[in-house]
Structure formats: C-alpha cells, structure tokens
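Here is how the chains run, residue by residue.
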Amino acid sequence: MRRPGRDGHDPRRVDAGSVLCVLIEAVPLLVVVALALSFSLIPARALGVAADGTVHDGIDDADFMAGVVGSASASSRDDRVMSSLTAAGLNASYASLENAVDPGEAGRKAVRDFAHRQVSVIVVLGLSTRSDEDGWDDVLRIARRADIPVVLVDPADLPTDSVLYACVLRLVSSEASDTLADAVQDAANSRSPGGVIDVTVGKA
C-alpha cells in the first residue's frame with residue numbers, strides 16, 4: 001500500500017484547486033482557437049458566383065442602387081439600359097462621359113466615385129481598356145476591395161484579369177433572353193453564373 005509522503009500529502013490525490021486554475025487558464029486559449037476555426041469556415045465572397053447551396057435574401061429594391069458608367073460617345077444603348085433598370089423599379093445613378101475631354105479617365109473616375117458611394121453594383125457600358133489597361137485594372141480592384149460587383153455591358157475589350165468583373169452582358173433583340181435588369185440584380189446579389197450572358201432591354 002502506497003503511503004503519504006513525508007509532508008503528509010497523498011500523491012494519488014488530485015488537488016481540486018490546481019485543476020481549476022489550469023482549466024481557467026486554458027479557457028481563453030480554447031476561445032481563441034474556436035473563433036479562429038469559425039472564421040476560417042466563412043467562405044470568401046466570389047464576385048458573380050454564388051456558393052453551392054447558399055440562399056441569398058437579396059438586396060431590397062429600396063436599398064438597391066446601380067452606378068452606371070455611360071458610353072464614351074452618345075449611344076441609344078445608354079438610354080435603353082437606364083430605361084430597363086427604371087422599368088424594373090431599380091434605382092440607378094448615371095455618369096455621362098459624352099462631353100468628357102478624356103472619356104477613359106472620366107469613366108475610371110466614375111467607377112472610383114461609385115465604389116466610394118458603396119453602390120450595390122457598378123455597370124460599365126462599352127468598356128475599352130486599350131488606352132490605359134493598368135488604370136482600369138486599378139479602379140476595378142478598388143470596386144472589388146469594396147466588395148462591389150462590376151458588370152460590363154457590350155465591352156469593346158476586357159480586362160486581362162477576369163476576377164475584376166462579375167459578368168459580361170451582351171445586348172440582343174431576342175425575346176427569349178434574360179432581361180438586363182434581372183442579370184444586374186443577380187450580379188449584385190452574387191447569384192450571377194458569370195461569363196457572357198445574352199440579355200434584352202427592348203427595342204431601340
């Protein structure tokens with residue numbers, strides 16, 4: 001039979017106070033680990049692509065705002081796009097580039113302004129990056145960092161990095177295609193399938 005030590009302490013007995021101190025000291029570490037694991041499980045938002053099985057509540061129409069960057073030159077497309085959004089009951093702010101000395105710079109400034117205003121989605125009409133591809137990449141990254149999807153409508157050319165925009169909308173006359181307003185809303189709510197989508201805004 002094991003006997004108590006010289007100090008009278010039985011080595012088989014566990015000091016309840018010591019155990020409690022160890023547990024108290026371990027609790028903050030456990031909380032930190034649990035929080036780190038929970039945050040690591042939150043998926044990053046992929047612009048234009050909804051995670052499988054994710055249910056989106058969607059942005060309320062009253063809170064929805066599309067920032068529309070107009071074409072470099074006057075075009076009936078601009079009027080048709082704005083009419084389509086308005087007819088669907090969606091709020092939209094239009095930045096005209098028609099009289100700009102440098103339409104490219106004016107367009108990039110409009111994207112920056114809309115990103116700072118935290119609009120729901122930025123719609124760029126007839127984008128051409130040829131004059132300043134790096135400049136366009138920079139402003140589109142500003143929108144991405146602000147978690148604002150960018151939709152390109154009938155672009156002349158595309159940014160090299162496809163991550164910088166949610167989808168491309170191609171205006172067609174087919175009545176069987178999706179509507180531009182629906183496609184823009186899908187992009188704003190991360191439900192867009194991405195790629196090139198044929199949409200209609202009605203006849204010019």
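Residues numbered from 1 in each chain as written. Predicted model: local features only at pLDDT ≥ 70, side-chain atom pairs only at ≥ 80, totals over all residues. Heavy atoms only, no water.

## Notes on the overall build of the protein chain
A count of helices and strands for the protein chain gives five helices and seven strands. Secondary structure elements of the protein chain, listed N to C terminal, follow the sequence α-β-α-β-α-β-α-β-β-β-α-β. Across the 204 residues that make up the protein chain, the buried fraction comes to 37%. Sequence-distant contacts in the protein chain: of pairs separated by 6 or more residues, those separated by 24 or more amount to 71%. Accessible area of the protein chain: about 12,100 Å², with a carbon and sulfur share of 54%. (Helix = DSSP H or I, 4+ residues; strand = E, 2+ residues; numbered from the N terminus. Buried < 20%, exposed > 50% of the residue type's maximum accessible area, 1.4 Å probe, protein only. Contact = heavy atoms within 4.5 Å. Areas by Shrake-Rupley, 256 points an atom, 1.4 Å probe, with all protein chains shown as cover.)

## Overview of the pattern of salt bridges
Scanning the model with the defined rule gives nine salt bridges in all. A salt bridge links D186 to R191; the shortest N-O distance between them is 3.5 Å. R191 sits in the partly exposed class, given a relative accessible area of 36%. Within the structure, one salt-bridge network assembled from shared partners comprises E105, R108, R112 and D132. (Salt bridge = Lys/Arg side-chain N within 4 Å of Asp/Glu carboxyl O.)

## Observations regarding unusual backbone geometry
Phi at D147 takes a positive value of approximately 65°, unusual for a residue other than glycine. Take D147: it is sitting in the loop between α4 (133–145) and β4 (150–153). At D154, a residue that is not glycine, the phi angle is positive and equals roughly 45°.

## Section: the environment of D138
Looking at the element boundaries, D138 is found in helix α4. Spatially, the C-alpha atom of D138 lies 9.5 Å from that of L164, the residues being 26 residues apart in sequence.

## Re helix α3 (residues 103–116)
For an α-helix, the turn length of 3.6 residues means that residues three or four places apart are oriented alike. Taking 1.5 Å per residue, 14 residues should reach 20 Å; α3 reaches 20 Å between its end C-alpha atoms and fits that length. Residues G104, G107, R108, A110, V111, F114 and A115 constitute the buried set of α3. End-on, the buried residues of α3 take up no more than an arc of 155°, which puts them together on one face. Buried residues along α3 sit against β1 (66–69), β2 (92–95), β3 (121–125) and α4. Directly beyond the C-terminal end of α3, a positive phi value near 55° is found at Q118. (Expected span 1.5 Å × (residues − 1). Arc of directions from axis to C-beta.)

## Thoughts on the nonpolar core
Ranked by size, the top nonpolar core spans 25 residues in total, and within it L85, V151, V153, L169, L180 and V184 carry the most contacts. Ranked by the residues each element gives to this core, the list is headed by helix α5 (residues 180–188), at six residues. Beyond its immediate sequence surroundings of up to four residues, L85 is in contact with A66, V68, L90, A92, L180, A181 and V184. Counting 22 residues, the second-largest nonpolar core is a separate cluster that includes L97, V111, L164 and V168. (Core = buried A, V, L, I, M, F, W, Y, C linked by side-chain atoms within 4.5 Å.)

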